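# Structural overview
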Amino acid sequence: MKIRAMRSLRRFENLGESVIALFERVSDFVSLVGATFMAVLRGPFPFSLCVEQFHVLVIRSAPLVFVTATSTGAVMALQFGYGMERFGGKLYVPTIVSISIVRVLGPVFTCLMLAGRAGAGVAAELGGMKVSQQVDALRALGSDPVRKLVLPRVVALTLGAPLLTLLADILGIVGGMVVSTSALGISSSLYLEKAYSAISLADICVGTGKTVAFGMFIGFLGCFNGLRTKDGTAGIGFSTTQAVVLGSIVIMVGDVLFTKLSFLFGW
Amino acid sequence: MGVRDVVLSVKGLDTRFGKKVVHNKLSLDVIEGEVLVLLGGSGSGKSVFLRSLIGLESPQAGECMFEGKELFGLDELALVEVRRRIAYVFQGGALFDSLTVAENLAYPLREQGNTDDSEIRARIEDALSRVGLPGTEALFPASLSGGMIKRVGLARSLMLDPAVVLYDEPTAGLDPTNSRRISEIIRTLAEAGKTSILVTHDIDCALRAADRIAFLHDGRVAEIEPIEVIKSAPPPLIRDYLEGESKS
């Protein structure tokens, strides 16, 4: 009886410790975000580092994002084309593909790819720097790791995510067009005309607007997990996984919230 | 060693990580121009002590006076000035992987706003020749041996001409030749007036480089003696430690 009571107490204690650890994590994350915004306000702005990170994190992610976007558009056109052909609804394919790509699939897949490639890369790189004491060395040499490491990566991903999304939207629609013309017998001019009339400026703004927030979160989560790395190389793997998993969850849950909000406000 | 000023004075240092007490009212004075070696078992808080001196760790209590300034509790901005005067040599060198040796050495100078390329180049050449590595400017850290990385790390820490150099296990993992070379560099720097605090498990290095040896035990300085006393009649804890280390 006593042993059972002790076990229950221990479980309760473990739960309490986990809740405290979670709060500490959230508080540390908020502190990092705050320190990054303070670094912007304090200046000087690390412009050249931002350009360098934009190249590494955004431009180098472009091929993966573009392949994903083109394939998504093509697969959607195929699926909807063959499915709706039976009901004589083949001509709705351009409208469905373009709206889905611009409002949801383009932004979400672009950001998921960024979380997988760039977010993981940031966490692994900063994790490696942390365990090899390079982050401490930065501080010891009079640099601010937030300005040198976090700010450029967050800025690059915040600006890069919407830009990649816009290009991914175009390629997704083109992917759908290629399949529609080659497999469904829809002419490219009709496809483009239908797609153009289906998409409004609000769709583009809603679709790409949310990726600003997603890109920022991918950057912060990558940096946060990387800078918290401990326990050597095993810790780098853990941090990288955390960055990708948390980034993906934020994107998926965030997309639900943004979609709900956009319908609520009639965007 | 003649009568010299205390350059760095730590009093009542308390450091805890969760329930683990690392330092318990630790007090220690460091004399200008000396090489003070800190010995102690693993986990006795030697490296944490060094890290606390430049604000890489935040102790729970205590004070540390350096050049008339209290160091503990300074914010990151104020610590920049302190870190210009107190350099830290990391155990693994901590060179930036993506930069060449020359870029690593130039980094602290550029961070301090020095943009004169010819002056920077001259200082890099000087620093590399001081650690016996001339001509390695263009190499990346990945192509250097462990001993070379440590020496480049040491050269980088000297770029801002600090008053105090903190060495965290500078000879760990090195062969005897490289270890001796590093000890000689530390000695040469001390003779040039640099105050040094050296954390090491390498007894040969400690005996070769030290002016005084302090032994950390139970979170405080249990014994501290000049090197002459250590060599002739070491106090009990240091004697046991030296015997244990040489046996192992």
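All figures in this text were calculated on a predicted structure; none of them were measured in a lab. (Residues numbered from 1 in each chain as written. Chains lettered and ligands numbered in written order. Predicted model: local features only at pLDDT ≥ 70, side-chain atom pairs only at ≥ 80, totals over all residues.)

All right, on to the overall build of chain B then. Along its length, chain B carries nine helices and ten strands. In terms of C-alpha radius of gyration, chain B reaches 18 Å, essentially the compact-globule figure of 18 Å for 248 residues. If you line up chain B on its principal axes, its C-alpha atoms span 50 × 40 × 40 Å. Expressed as a percentage of contacts within chain B between residues at least 6 apart in sequence, the contacts between residues at least 24 apart total 66%. (Helix = DSSP H or I, 4+ residues; strand = E, 2+ residues; numbered from the N terminus. Rg over C-alpha atoms; globule rule 2.2 N^0.38 Å. Contact = placed C-beta atoms within 7 Å.)

Attention now moves to helix H4 (residues 117-130) of chain B. Residues and elements named next belong to chain B. The end-to-end C-alpha separation of H4 is 20 Å, in line with the 20 Å expected for 14 residues at 1.5 Å each. Within H4, burial applies to Arg-123, Ile-124, Ala-127 and Leu-128. The buried residues of H4 occupy an angular sector of 130° when the element is viewed end-on, so they sit on one face. In H4, the exposed positions angled more than 90 degrees off the buried face are occupied by Ser-118, Glu-119, Ala-122 and Ser-129. Contacts from the buried residues of H4 go to helix H3 (101-111) and helix H5 (146-157). Positive phi shows up at Gly-132, right after H4, with a value of about 75°. (Expected span 1.5 Å × (residues − 1). Buried ≥ 20, exposed ≤ 12 C-beta atoms within 10 Å, placed from the backbone. Arc of directions from axis to C-beta.)

Residue and element names in this part refer to chain B. Strand order in this open sheet of six strands is E6-E7-E8-E3-E9-E10, and the pairing throughout is mixed. A single partner strand is all that each edge strand has here, and the edge strands are strand E6 (86-89) and strand E10 (220-226). Each strand of the sheet is rotated relative to its neighbour by a mean of 20°, with strand direction disregarded. Where E6 and strand E7 (residues 164-168) come together, four bridges link them in parallel fashion. Bridging from a neighbouring strand, Val-89 pairs with Tyr-167 of E7. Strand contacts of H5: E6 and E7, with the helix running at about 170° to E6, the strand carrying the most contacts. On top of the sheet, helix H6 (residues 176-191) reaches strand E3 (35-40), E7 and strand E8 (195-199); it is set at about 155° to E8, its chief contact. (Pairing = 2+ DSSP bridges. Axes fitted to C-alpha atoms, helices over the stretch in contact; angles between N-to-C directions.)

Turning to the interface of chain B and chain A, a few remarks are in order. The interface of chain B with chain A comprises 15 residues on the first partner and eleven residues on the second. Elements with a minimum of two residues in the side of chain B that touches chain A: helix H2 (76-85) and H3 of chain B. Counting residues per element, the side of chain B that touches chain A draws most heavily on H2(B), at four residues. Each residue belonging to the side of chain B that touches chain A can be placed in one class, and the counts come to nine nonpolar, two polar and four charged. (Nonpolar A, V, L, I, M, F, W, Y, C, P; charged D, E, K, R; others polar.)

Any functional reading would require information that these geometric values do not contain.
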